[in-house]
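Each chain, letter by letter, is given below.
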Amino acid sequence: MSHSAIESVAFDTNNGRKSFVLPGAKPHYNPDRPGQVEHIALDLVLNIPEQSYSGTCSIRICPVRDGVDRLTLDAVNLQIDSVQVEDVEQPFDYDGERLQVRLKQPTEAGQPIMLVIAYRVEKPQRGLYFIAPTTDYPQKSVEVWTQGEDEDSRFWFPCFDYPGQLATSEIRVRVPRQYLALSNGELIDTQTAGDDKIYHWYQKQVHPSYLMTLAVGDFAELQDEWNGKPVTYYVEKGREADGRRTMGKTPQMIQFFSETFGYDYPFPKYAQVCVEDFIFGGMENTSTTLLTDRCLLDERAALDNRSSESLVAHELAHQWFGDLVVIKHWSHAWIKEGMATYSEVLWTTHEYGADEAAYYRLETARSYFSEDATRYRRPIVTHIYREAIELYDRHLYEKGACVYHMIRAELGDELFFRAIHTFVNDNAHRTVETIDLLRAIDQATGRNLQPLFDQYVFRGGHPDYKIAYGWDGDSNLAKLTVTQTQAQEGNGLDSGLFDLRVTIGFGYIDESSSEQSASIKPFTVRIHEREQTFYFPLAEKPQFVSFDLGNHLLKTVTLEYPIAELKAQLQHDPDPVSRIYAAEALAKKGGLEAVKALAQAMQSDSFWGVRAEAADQLASVKLDQAFEELVKGLEDPEARVRRSVVNALAQMKTIGSYRALKKLAEAGDPSYYVEAAALSALGTVAAGKLEGKSKEEKALKLYRSVLQERAGWNETVRSGAILGLSKLKTSEAALDLILEYTAAGIPQALRLAAIRALGAISTGQNNVNLERILNRLDELSRESFFLTQVSTSIALGQMETVKAIGILSALADQTPDGRVRRLAEEAIERVQKAVKQDQAVQKLQEELDQLKKDNQELKSRLETLEAKAK
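Source: prediction; values computed, not measured.

Draft legend 1. Geometry of the overall build of the protein. Scanning the protein from N- to C-terminus turns up 25 helices and 35 strands. Its C-alpha radius of gyration of 30 Å places the protein within 12% of the 29 Å reference for a compact globule of 870 residues. Across its three principal axes, the protein shows a C-alpha extent of roughly 110 × 70 × 55 Å. Scored against the burial criterion, the 870 residues of the protein give a buried share of 58%.

Draft legend 2. How the structure looks around the pattern of salt bridges. All told, the structure shown has 61 salt bridges when counted by the stated rule. For glutamate 783, the salt bridge identified is with arginine 751, shortest N-O distance 2.7 Å. Here arginine 751 lies in helix H21 (residues 748–762) and glutamate 783 lies in the loop between helix H22 (767–780) and helix H23 (786–797), a separation of 32 residues in the sequence. Measuring nitrogen to oxygen at the nearest pair gives 2.5 Å for the salt bridge that ties glutamate 771 to lysine 803. Of this pair, glutamate 771 sits in helix H22 while lysine 803 is found in helix H24 (residues 803–814), placing the two residues 32 residues apart along the sequence. Exposure remark for glutamate 771: the relative accessible area of 31% places this residue in the partly exposed category. Look at the salt bridges and you will find they share partners, linking Glu371, Arg375, Arg386, Glu390, Arg822, Glu825 and Glu826 into a network.

Draft legend 3. View of the nonpolar core. With 276 residues, the main nonpolar core has Trp334 and Ile407 as its most contacted residues. Other than its neighbours up to four places away in sequence, isoleucine 407 contacts Phe416, Leu437, Ile441, Leu449, Leu452 and Phe453.

Draft legend 4. Expanded view of helix H8 (residues 434–445). With twelve residues, H8 should cover 16 Å at 1.5 Å per step; its first-to-last C-alpha distance of 17 Å lies within 8% of that length. Buried within H8 we find Thr434, Asp436, Leu437, Leu438, Ala440, Ile441, Ala444 and Thr445. Contacts from the buried residues of H8 go to helix H4 (334–352), helix H6 (395–411), helix H7 (413–427), strand S26 (430–432) and helix H9 (450–456). In the stretch just after H8, glycine 446 is the one whose phi turns positive, near 75°.

Draft legend 5. Spotlight on the side chain of serine 2. Assignment of secondary structure puts serine 2 in the segment before strand S1 (18–19). If near-sequence neighbours (up to four positions away) are discounted, serine 2 is found in contact with Phe280, Gly281, Gly282, Leu311, His314, Glu315 and Tyr397.

Draft legend 6. Examining the environment of serine 331 more closely. Position of serine 331 among the secondary structure elements: in the loop between strand S23 (325–327) and H4. Look past the residues within four positions of serine 331 in its chain and what remains in contact with it is Ile380, Val381, Thr382, His383 and Leu391. At a separation of 2.8 Å, a polar atom in the side chain of serine 331 contacts the side chain of histidine 329.

What counts, and at which threshold
- Residues numbered from 1 in each chain as written.
- Predicted model: local features only at pLDDT ≥ 70, side-chain atom pairs only at ≥ 80, totals over all residues.
- Heavy atoms only, no water.
- Helix = DSSP H or I, 4+ residues; strand = E, 2+ residues; numbered from the N terminus.
- Rg over C-alpha atoms; globule rule 2.2 N^0.38 Å.
- Buried < 20%, exposed > 50% of the residue type's maximum accessible area, 1.4 Å probe, protein only.
- Salt bridge = Lys/Arg side-chain N within 4 Å of Asp/Glu carboxyl O.
- Core = buried A, V, L, I, M, F, W, Y, C linked by side-chain atoms within 4.5 Å.
- Contact = heavy atoms within 4.5 Å.
- Expected span 1.5 Å × (residues − 1).
- Polar contact = N/O pair within 3.5 Å; in protein donor to acceptor, adjacent residues only side chain to side chain.

Here it is as structure tokens:
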């Protein structure tokens, strides 16, 4: 599963680390097994106009012991008509959540029984989704799709709904004949029945209930193949070119992952279906992945959007990690999500080279660092939560991916891939826990990686290293002092110390070669105390130091090196991530020398990622020269560098940056993302007084024209304008515009951006306008669509008024989605904190005023006394 549907939910307000475990969390375990589910067969008739369906669910179960006289199935909000075993009606109890079948004949071990449940569902809220045109959105397609992970299959058919049960499955479904119906496995039969068509799909390999799927729609079908197996892409008619552009590398990816994982793609076909209103980025249903239609790229989006290609790779990798090898319990979901995320890195290396992959890994780690710093810290493996969906966070995906990379760095490529091959081959069509990965590594390589897992998987956190360097010319010694700043007093795991072997490289630049290439002398040391000093005897003074050669460890670094070494590292270190760390350290030092070095990197580094980061760091050096250099970056041929330059210019807040941004915002850019960033940045700069004048009116005029004229792909550009408007925090006109775009009927992506913008603009509005914002968010919080609820929670969480808390509480109570509930509760905490800070500031202000008054009185009295004394 990919969580990119709520990727915008970054709460980077530094509110101190909270506990992952919320009130009501408890340990979760798989239930006792009455037996092994062998096969699940659904036979359904869809009534699309009425948004309802009916049919039977047949489950063959082989009892594991004698005398079981009742079976408990998960089944939520279904209407159960009857339960039969071998054509004999069975008594049952159903409370809307659990179906208890009282067997007339208790089980015999090893003698399978077939449970046939007749049921109906009207207007389902979860599990199975009916998408249809509405008065507000008449353009919408007619579609039906399902989403099972994590525990939502129970909302569309009765089942033993946990990942530990693997069974074969089939789905026979009757739909109006203009629609295609897609499901897991092979299409074994189609029949015409009047105006309807019956599709019969059969999945011969065992898989868990959460991976069963159904997708129905009037799709265009694009065909490819891999080794004779069909590879198909399904998109809305008219978007065929976008479909091919977005998913066309799938056959090469199947070949790549078959080799990488040491196991040929295991299923009879691979289909990808792009659906509307999807509530995740993608879902890896066995052999039939569903993707959000927002991932489809047009030609202009493909310039600098790599995330869709990564999404395709992520879901495909799951066919091995998740579908072929299945997790036994949600607490071990990192095994699949971490590998699917790491597979994005593996594919990036294969397709775009080592530098791109190193930078992708850095971005992956940063995504986790942000959650760790601003939301909570948790062990990757934990069974204590309220709902399993809460585990689907950046610890699971991004940190999990970084752990896989550390395993690879520890073992080396040959042994790492041997261990992965062993793990996949030994556990194919079976369930696994984290211990099984450790066992496979041990079996294939003889290495015991328990210490690494204890530090990074079974507890939270990562090392934060501060590294100071000096050179002693008399004795030719390099001195390195390393501090683990995250550690508490004491030693051992409780102190938060990490015990790791780290390779330190000393860099020498070959002045004679035209490229001035660098050679590196490596030393490996064990870093396990809060502070350690190392001395390295070297023949001559190195030009730079590379801490954690290759940057394989998940860590943060603060480099305290002299400026000469940092400049040499920025220019010559072969690892782009090390060059980026040098850029960060140089910017902290500040000064003209740092500006020159960063400007040179921004203009001439061979890798775009370093150029983009250098631009970002330049902005943090508050010197006029930094601006002059930065503006040159707008000419960079790589769109992702221009985007970074634009965001950097927003931090400058000068008349120069205003003019540069306004020019770009007016003229546009080949990249949607650069253009959107310019529109957003313009708001940041225009919000302040520039040379004593306000530029708000001019910015508003531009935003109005953009909103009227620049509709387009995923509403990226117009959403940039909305974001820009939200920075004009005191402007009523800006608020009026934003409110206008929260209306039903506005394209969904743009409307969601406008909803989020209400929170951002609220902090500068007067009380009358604050009420308007609250009333609108109150109305929006009652809408049922998942992404609307997410955006509403984000908006309310940015507000600084107690009244936001009531709306959030109601949303948390009423939402059916665990992700929204958690977001709303976290938002409540943030609002409470903001209100308290606001009150504290007010109190401080009052005390300060009183103090000034007292001082004034004292001064007057003193002057009076002095006058008398004369």
